[in-house]
4 protein chains.
Amino acid sequence: MDTRPSASAPSWKQTAYSVVFESDTRAGQLFDIALLAAIVLSVLAVMLESVRSIEARYGHILRAVEWLFTGLFLIEYIVRLLVVRRPLAYAVSLFGIIDFLSIAPTLVALVMTGSHYLMVIRTLRLLRVFRIFKLGRFVGEGEFIVGALKASRFKILVFLTAVLTLVVVIGTLMYVIEGGQNGFTSIPKCVYWAIVTVTTVGYGDISPTTVLGQTLASVLMILGYAIIAVPTGIVSAQMALPTADRPGAKLAVCHVCQASGHRADAEFCWRCGEKL
Amino acid sequence: MDTRPSASAPSWKQTAYSVVFESDTRAGQLFDIALLAAIVLSVLAVMLESVRSIEARYGHILRAVEWLFTGLFLIEYIVRLLVVRRPLAYAVSLFGIIDFLSIAPTLVALVMTGSHYLMVIRTLRLLRVFRIFKLGRFVGEGEFIVGALKASRFKILVFLTAVLTLVVVIGTLMYVIEGGQNGFTSIPKCVYWAIVTVTTVGYGDISPTTVLGQTLASVLMILGYAIIAVPTGIVSAQMALPTADRPGAKLAVCHVCQASGHRADAEFCWRCGEKL
Amino acid sequence: MDTRPSASAPSWKQTAYSVVFESDTRAGQLFDIALLAAIVLSVLAVMLESVRSIEARYGHILRAVEWLFTGLFLIEYIVRLLVVRRPLAYAVSLFGIIDFLSIAPTLVALVMTGSHYLMVIRTLRLLRVFRIFKLGRFVGEGEFIVGALKASRFKILVFLTAVLTLVVVIGTLMYVIEGGQNGFTSIPKCVYWAIVTVTTVGYGDISPTTVLGQTLASVLMILGYAIIAVPTGIVSAQMALPTADRPGAKLAVCHVCQASGHRADAEFCWRCGEKL
Amino acid sequence: MDTRPSASAPSWKQTAYSVVFESDTRAGQLFDIALLAAIVLSVLAVMLESVRSIEARYGHILRAVEWLFTGLFLIEYIVRLLVVRRPLAYAVSLFGIIDFLSIAPTLVALVMTGSHYLMVIRTLRLLRVFRIFKLGRFVGEGEFIVGALKASRFKILVFLTAVLTLVVVIGTLMYVIEGGQNGFTSIPKCVYWAIVTVTTVGYGDISPTTVLGQTLASVLMILGYAIIAVPTGIVSAQMALPTADRPGAKLAVCHVCQASGHRADAEFCWRCGEKL
């Protein structure tokens, strides 16, 4: 979706857009960093306010900070609405909704009590932290990780399906074996226990007490211990694939057919056979 | 085992067979997806029924759903028996037995009480979810994972043997060290504890209290932390192999320069540029 | 150490030696499997005897089984002493001592009570399970894993040193932070807690309650989560190294200089430059 | 920073410097090992002193040991100050401060009580253990691991940022869902719980009790189970790189055929057989 203001828009709009929405210019990068700092600080304030002892002593300061950031974010939101080409499209986009929801609760609190609780939605603004990966050195690294995960998404999906089936089947078996005792009170709870176990988290809030139950749990644990190798292997193998950003790589992209993903020591393009 | 109806069978039988047993035709794929949805829904119903509070309020609806799915699965079972070439062979196959057991309890409940508990067997039908890997994009991915695990099966077996020996030896030592106290009441329980520890699950339902016990536990934990690297390394190395068993791989070796390690979708050799 | 009987020994000795000590002949393999089964069964008997409820009911059977296996192992031990070239060398070797200790407690129990507890030493005989890796298909797989671990031993040692330093430093800090409360009663206990945490076992028998303690624990957990990548990476990289048992490998060993470990696609020996 | 004494310094200073600060000479290596042993022993003494039962019985011995090591470390500290070219630069460097702090508490205890608690700072001297990696065989291995981590540092930073954002967002959601009950009393505590869960540590001191909470926890666990693959994949892929930064690597690329991916100890090119 191209949200850039049209070429006929006043130049201040275009400048403001490049600062607020983009990270190519120096001003845009500074804005991104300042915005990130403001978000982190406002989230910290929300977090501290939830601690009773801190709220009792510094509550008035935290509320002032809250109003300060709400003011800043309100200004930012209005600017975003003004400079974007189609304000409605932005307003109903994921980030548009999060931006709105992060200022709404404080404003609503002026006329209504109880909405204060919604402040935590502001935390979602933290997702903007991923914008920072568009800055400088991190671009390639972020793309590398996301790329490897994207390329493995079907394999990971197959793996997750297998794991989910496993936990449902074993959770149900456990419900029958432990007979609804010791926390294994319903199948969904048993499935929750199976997930806690297969992922090797192991809270211990529910744990088997019968011999058969402990035997099945042992099998599940060893399975979980062994199958952790599968997603790890998938991602490792994907990341180890010869890509262009490796040291010694000849060319990121073939100059003829634009294919990428050559071996580091390739001399010819794997797609068109052209000399690299 | 070829269970296809013979060529002389009536054509409706052959059509029904391809729909119910195969996934090559569009009808067959739709049937698979519909069956999968029915299985997931029926398993959800069984799971919800096990929650006391839900059962108290919506028990009558859940029982109606149960009868609905039992009816559908009964029809499916009968159709399978009718169209398959050798009904008995299907009936005693793994999936045949699971299919039968998933409808039997509800029917038996008509004449006998208490059999309701066996409903959980229906969960095993979830194993049919792996049929979905025969659909479209997932074929290759599923085969890739299963292939890597199969190729590593002896290595994984060796690894599991070593781990099992380790937990039995350390579990027995722990029984002597902790002296049958604090949950370490028998050797099998100590082995269970050793498995909980070496897999890094760590419920905490049993944990050592003596100095010597905590020392041995520390050694076991660090061992477990280190040897998780072994199955992961095995599977990673297997998956990273540039071989012909990758889906769609053209050639393992270039016929001109004998270079291997081509991309699965390469059309030209990366070393000599020859068409593969 | 060559323990084979000298060529001048009577032929029954040489035959017995090859059966009892080696796995090259069919008889030797059968003996190894039978011995392994006997060891597993005797360990199972010891394990079951430690369960109070089973001991109360089947104690007499288990004691009979114990005497049976003690008799068999005694015969085996005597045969080993007879056929080996230097009986003393065998008797003081690791396996010789284990073999002796696994029969001694039962025999000692004839004249003395209380030694029964030592029966658990018999579990150590399970280590003979690794003999099975000398049988058929497993030889290469076992060697592959052990080889990769051996090649990585210095890297793993460096890694373990770093982890041990980390847990001692953080454990000590935790002792100061939590002030000897809530289970953090001494530095060794805090180090134990740090090991439980960094390996992601997380029993929960000791867990921080102060804000600073939970913060430090969080740092340690994320560290532990991240550095698990190091041993895994080491072993994966080692296993992914081009070795000769890979499909497509030219030669396991150079016919001139006997060097192994060639790339799968190598055409020349890396050590002597000879054409493979 | 070059801290070597100037060439015009007396020769005993230069000898002492090479012994105390460097590990190239035999004397320097012996000093490093002796220092390390002294540090490990002094840390052990501090650890044992924190155990109440041991302190009650052997407190006087441990205090004598403490004075012995304080004396040795004081002498070492003075020698370091004497032989280094710029004593102030050493005194304010990280190791200089740690060296000073590890002797200060015992000395201060002569005129003031209560400072004894600071003894634990001595543990930080353990960081000198990493000096040992400069000795012999470990040089290359330590560099290999540190090199792989250094090369992956941006990727790991991106990964950690993503994980931290995730735990803050999910921790906050959990605070709303569990409603400040069952240990989820503040957002920082919920974030702590999220870290305990995503890293699969799972103490169980805080665990969700509501259905929605357990569902979100399950999602977080499976996420944590899956994303452990990311750092592992990053480091594995980095370590599997056939590059020149492997210890002893001859050449990254053959000067004749430009082939890369040679063994670290290869003397001939695997592709063309040319001497490297």
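Predicted model, so just to flag it, every value in this text is computed and none were measured.

Trainee: Tell me what's going on with the side chain of Asp99 of chain B, and back it up with residues and numbers.
Mentor: Residue and element names in this part refer to chain B. On the secondary structure map, Asp99 appears in helix α5 (residues 94-101). Here Arg125 takes part through its side chain, which lies 3.1 Å from a polar atom of the side chain of Asp99. Leave out the neighbours within four places in its chain, and Asp99 touches Glu76, Tyr77, Arg80, Tyr90, Arg125 and Arg128.

Trainee: Give me the packing of helix α2 (residues 26-49) of chain C against helix α3 (residues 52-83) of chain C: which residues, what numbers.
Mentor: Residues and elements named next belong to chain C. Following both chains from N to C, one finds α2 and α3 inclined at 145°, their axes separated by 9 Å at the closest point. Considering only the axes of α2 and α3, their crossing is left-handed. Every residue of α3 that contacts α2 at Phe31, Leu35, Ala38, Ile39, Leu41, Ser42, Ala45, Leu48 and Glu49 is listed here: Ile54, Glu55, Leu62, Arg63, Val65, Glu66, Phe69, Phe73, Glu76 and Arg80.

Trainee: Can you explain the domain arrangement of chain A? Please cite residues and give values.
Mentor: In terms of domain boundaries, chain A breaks down into domain 1 (11-133) and domain 2 (151-240). Relative to domain 2 of chain A, the C-alpha centre of domain 1 of chain A lies at a distance of 39 Å.

Trainee: Hey, could you go over helix α8 (residues 187-198) of chain D for me, with residue numbers and the actual values?
Mentor: Residue and element names in this part refer to chain D. The terminal C-alpha atoms of α8, which comprises 12 residues, lie 16 Å apart, in line with the 16 Å expected from a rise of 1.5 Å per residue. For α8, the buried fraction is high: 10 of the 12 residues fall into the buried class. Just downstream of α8, Thr200 is the residue with a positive phi angle, here 60°.

Trainee: Got a sec to walk through empty space enclosed by the protein? Specific residues and values, please.
Mentor: Scanning all chains against the criterion turns up eight cavities of 30 Å³ or more. Counted as a void, the largest cavity has a volume near 250 Å³. Looking at the largest cavity, it is lined by 22 residues, and the ones nearest its centre are Thr200 and Ile228 of chain A, Ile228 of chain B, Ile228 of chain C together with Ile228 of chain D. Of all the secondary-structure elements, those providing two or more residues to the lining of the largest cavity are α10 (211-227) of chain B, α10 (211-227) of chain C together with α9 (211-227) of chain D. Partitioned by chemical class, the residues of the lining of the largest cavity number eight nonpolar, 14 polar and no charged.

Trainee: Quick rundown of the UniProt feature "transmembrane region" (unreviewed entry) in chain A? Include the residues and the values.
Mentor: Residues and elements named next belong to chain A. As recorded in UniProt, the sites labelled "transmembrane region" (unreviewed entry) are residues 30-48, 60-82, 88-121, 156-177 and 216-241. Annotated as residues 60-82, this span is 100% helix and 0% strand, and its ends, taken at the C-alpha atoms, are 33 Å apart. Annotated as residues 156-177, this span is 100% helix and 0% strand, and its ends, taken at the C-alpha atoms, are 31 Å apart.

Trainee: Give me the relation of the copies chain A and chain D: which residues, what numbers.
Mentor: The two copies are related by a screw motion: chain A maps onto chain D through a turn of 89° and a shift of 0.3 Å along the axis, at an RMSD of 1.4 Å. Viewed as a symmetry operation, the transformation between the two copies matches a four-fold axis. Mapped onto chain D, only 16% of the interface residues of chain A are again interface residues, and the two copies thus contact each other with different surfaces.

Criteria and cut-off values
Residues numbered from 1 in each chain as written. Chains lettered and ligands numbered in written order. Predicted model: local features only at pLDDT ≥ 70, side-chain atom pairs only at ≥ 80, totals over all residues. Heavy atoms only, no water. Helix = DSSP H or I, 4+ residues; strand = E, 2+ residues; numbered from the N terminus. Polar contact = N/O pair within 3.5 Å; in protein donor to acceptor, adjacent residues only side chain to side chain. Contact = heavy atoms within 4.5 Å. Axes fitted to C-alpha atoms, helices over the stretch in contact; angles between N-to-C directions. Left-handed = near helix turned anticlockwise from the far one by under 90°. Domains from an automatic or database assignment. Expected span 1.5 Å × (residues − 1). Buried < 20%, exposed > 50% of the residue type's maximum accessible area, 1.4 Å probe, protein only. 1 Å grid on protein atoms, 1.4 Å probe; cavity = no way out; pocket = protein on both sides within 12 Å on 5 of 7 lines; lining within 4 Å. Points joined across faces, edges and corners; volume = space filled by probe spheres on them. Nonpolar A, V, L, I, M, F, W, Y, C, P; charged D, E, K, R; others polar. UniProt positions renumbered as here; feature names shortened; annotations may be inferred. Least-squares fit on C-alpha atoms with pLDDT ≥ 70 in both.

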